[in-house]
Amino acid sequence: MKGKHRIIVSTKRLKYDFELRRNLTIIRGDSATGKTTLVDMIRDYVNNPLGTPVDLSCDKKCYVLEGALWKEQLSAMSDSIVFIDEGNTFIKTLEFSREIQKTDNYYVIVSRESLPALPYSVEEIYGIRTSGKYGTLKQCYHEFYRIYGDETFEDAVKPEVVVTEDSNSGYQFFDQVCRENGLICESINGKSNVFHYLNMHKNDKTLVIADGAAFGSEIDRVMRLIRGRKNIVLYLPESFEWLVLSAGVVKNGQINQILSNPSDYVNSEEYFSWEQFFTSLLVEETKGMYLAYAKRKLNPAYLNGAVKDSVLDKMKKIDLNWKMTH
C-alpha cells in the first residue's frame, strides 16, 4: 500500500476525521482522550456494519487486530488499515515486527509506551485533540495533531560535539566535516544509545543527528531528558540519504516530485520505513555515476567542496564551521 488515506469514523454525536500517510502511525494520550473509543467504533463497524450506529468512510478496508490469535487474523488482512488497541502485548514483540514487515497494510497502534521493535517516524506520533461542543444533536470532532515535528531555532546551532546514531556513510560524512572544522564526531551505534550517551554528557554542547524516519520509539525519553537544555539539539531528517537527495546533489526532476510527496511513492510492502526507501532511491539514482552511493562506505565524492556544501546548506541554522569563522 502507498499514498495518503483519509478515515472518517462517526456516530450521530461523535466523529473522528484523520489522514494516514505511512505504514506505521502511533496514537498517544492519557485515559479518556478517545483512543480506545476510536478502536471500539471501528470494531463495531467491522463486526456489524448494518446493525451499528457507527459509519466508517475510507478508500481501504479497516480492521481491528487483537487477542491471542492475532497472527492468524493478520494472515487474512491485506491492502488494509489495521488498528490495534493498547493492552495487546504482542505489539512490543520482535515477532510482531517481523510479521507485519511481510504485509502491505498500514497500521495504527494505540500505545502510551514506546515500541522499540518498530521503526516508526517521529512525525507519525499523534494525540487526539477534541474540538467543538458535546451535545445530543452536535457531533464532537476529533482531529489528530503532531506531537513531535520540526524543531525551530532562533539562533544558529553551534555544537562542539556531533553524535550520529550509526557508523555508516552518514557518520563518515559528518566525521570528516567535523575533523575539518575542529569538532568532535562520535558514532554511538544505534538509536537506543542516544539516550544513554546524552545522559552521560548532559553539559556538552551536543548536536544529535539521527534518522527521524525510525526514531519514534526513542523520542519520548530523549525529549524528557533534554527538555530545557539549550546545549543539546536534536536534528532528525528522514535519513542521511534523504538529506543528500533534498540538497539537490543529484539532478533529476522526478526526485523533487518524490520528495514533495513521498507517501505516493513508498510502497509499504517493499519498504518498511521511509529510510529504506530513500536509501534505495539514492543508490538507484547514482548508479554508474561519480556519486555512486553505498550505505556502508561513503563515496569520497560526497566530501568534495560543492557536494559537501550543498548537504550542509540544507541543514538550516546548523553551523559546523563556526570555529573556523571566528
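Each chain carries its own residue numbering, running from 1 in the direction its sequence is written. Local features are withheld for residues below a pLDDT of 70 in this predicted model, meaning they are given only at 70 or higher, and side-chain atom pairs are given and counted only at 80 or more; totals for whole chains, interfaces and linings count all residues. As a rule here, side-chain values cover all heavy atoms of the structure and leave hydrogens and water aside.

Colleague: Teacher, can you tell me more about the packing of helix α5 (residues 193-200) against helix α6 (residues 216-226) here?
Modeller: The description of two helices packed together rests on the angle between their axes and the distance between the axes. Note on geometry: axes are lines fitted to C-alpha atoms, helical ones only across the stretch in contact, with angles between N-to-C directions running from 0 to 180 degrees. Segments assigned H or I by DSSP are reported as helices when at least four residues long, segments assigned E as strands when at least two residues long, and all are numbered from the N terminus. Orientation of α5 relative to α6, taken along the N-to-C sense of each, is 10 degrees, at an axis distance of 9 Å. One way to sum up the angle between α5 and α6 is to call them roughly parallel. Of the residues in α6, those touching α5 at V194, F195, H196, L198 and N199 are R221, V222, L225 and I226. By the convention adopted, Pro, Cys, Tyr, Trp, Phe, Met, Ile, Leu, Val and Ala count as nonpolar, Lys, Arg, Asp and Glu as charged, and the other residues, Gly among them, as polar. A class-by-class count of the residues in the contact of α5 with α6 yields six nonpolar, two polar and one charged. Should an angle fall under 35 degrees it is taken as roughly parallel, and over 145 as roughly antiparallel, whereas 65 to 115 is taken as roughly perpendicular and any remaining angle as oblique. Residue contacts are counted whenever heavy atoms from the two residues lie within 4.5 Å of one another.

Colleague: Would you take a moment to explain the packing of aromatic side chains for this structure?
Modeller: Aromatic rings considered in pairs are described by the distance between their centres and by the relative angle of their planes. Here is the rule: rings of Phe, Tyr and Trp (six-membered ring for Trp) pair when centre to centre is within 6.5 Å. Planes less than 30 degrees apart are stacked, more than 60 are edge-to-face, and the remainder are tilted. Counted by the stated rule, this structure contains twelve aromatic pairs. Ring centres 5.1 Å apart and planes at 90 degrees place the aromatic pair F173 and F174 in the edge-to-face group. Here F173 and F174 have matching classes, each one buried. A ring pair is formed by F174 and F240, whose centres lie 6.0 Å apart and whose planes are at 70 degrees; its orientation type is edge-to-face. Here F174, found in helix α4 (residues 169-180), pairs with F240, found in helix α7 (residues 240-246); they are 66 residues apart in sequence, far enough to count as distant. Through a chain of ring-to-ring contacts, the aromatic side chains of W70, F90, F96 and Y107 assemble into a single cluster. Note on geometry: a ring has a charge over it if NZ (lysine) or CZ (arginine) is within 6 Å of the ring centre and within 35 degrees of the ring normal. Residue placement shows R22 over the ring face of W274; its charged tip is 3.6 Å from the ring centre. The side chain of K205 reaches across the aromatic face of W322, ending 5.5 Å from its centre. The buried label goes to any residue with under 20% of its type's maximum accessible area, the exposed label to any with over 50%, and the partly exposed label to all in between, with areas taken from a 1.4 Å probe on protein chains only.

Colleague: Quick question: what am I supposed to make of α6 here?
Modeller: Since one α-helical turn is 3.6 residues long, residues separated by three or four positions face the same way. Of all eleven residues in α6, nine are buried, a share of seventy percent or more. Three or more residues of α6 are buried, namely G216, S217, E218, I219, D220, V222, M223, L225 and I226.

Colleague: Please explain the nonpolar core as it appears in this structure.
Modeller: The nonpolar side chains of soluble globular proteins are, as a tendency, buried together. We define the nonpolar core as a collection of buried residues of types Ala, Val, Leu, Ile, Met, Phe, Trp, Tyr and Cys that are connected through side-chain atoms lying within 4.5 Å of one another. In this structure, F173, F174, L207, F240, Y302, M315 and L320 are the most contacted members of the largest nonpolar core, which totals 43 residues. When residues of this core are traced back to their parent elements, those giving at least two are α4, β12 (206-209), β13 (232-235), α7, α8 (253-260), α9 (274-285) and α10 (305-314). If near-sequence neighbours (up to four positions away) are discounted, M315 is found in contact with F174, I209, Y235 and L243. If you look at the next biggest cluster of nonpolar residues, it comprises 37 residues, including L24, L65, W70 and I219.

Colleague: Got a minute to help me understand the pairing of strand β10 (residues 161-164) in this structure?
Modeller: Along any regular strand, the residues point their side chains to alternate faces of the sheet. Across the two faces of β10 the burial is the same, with V161 and V163 and V162 and T164 all buried. Two strands pair under a simple rule: DSSP has to find at least two bridges between them. Sheet analysis places β10 next to strand β11 (residues 184-187), joined by four bridges and oriented parallel. The residue bridging T164 from the neighbouring strand is S187, located in β11. Crossover handedness is defined here as right-handed if the route from the first strand over the helix to the second strand goes clockwise, with the strands pointing away from the viewer. Between the parallel elements β10 and β11, the chain passes through α4 in a crossover that is right-handed. Bridge count for β10 against β12 is four bridges, and the pairing is parallel. The residue of β12 that forms the bridge with V161 is T206.

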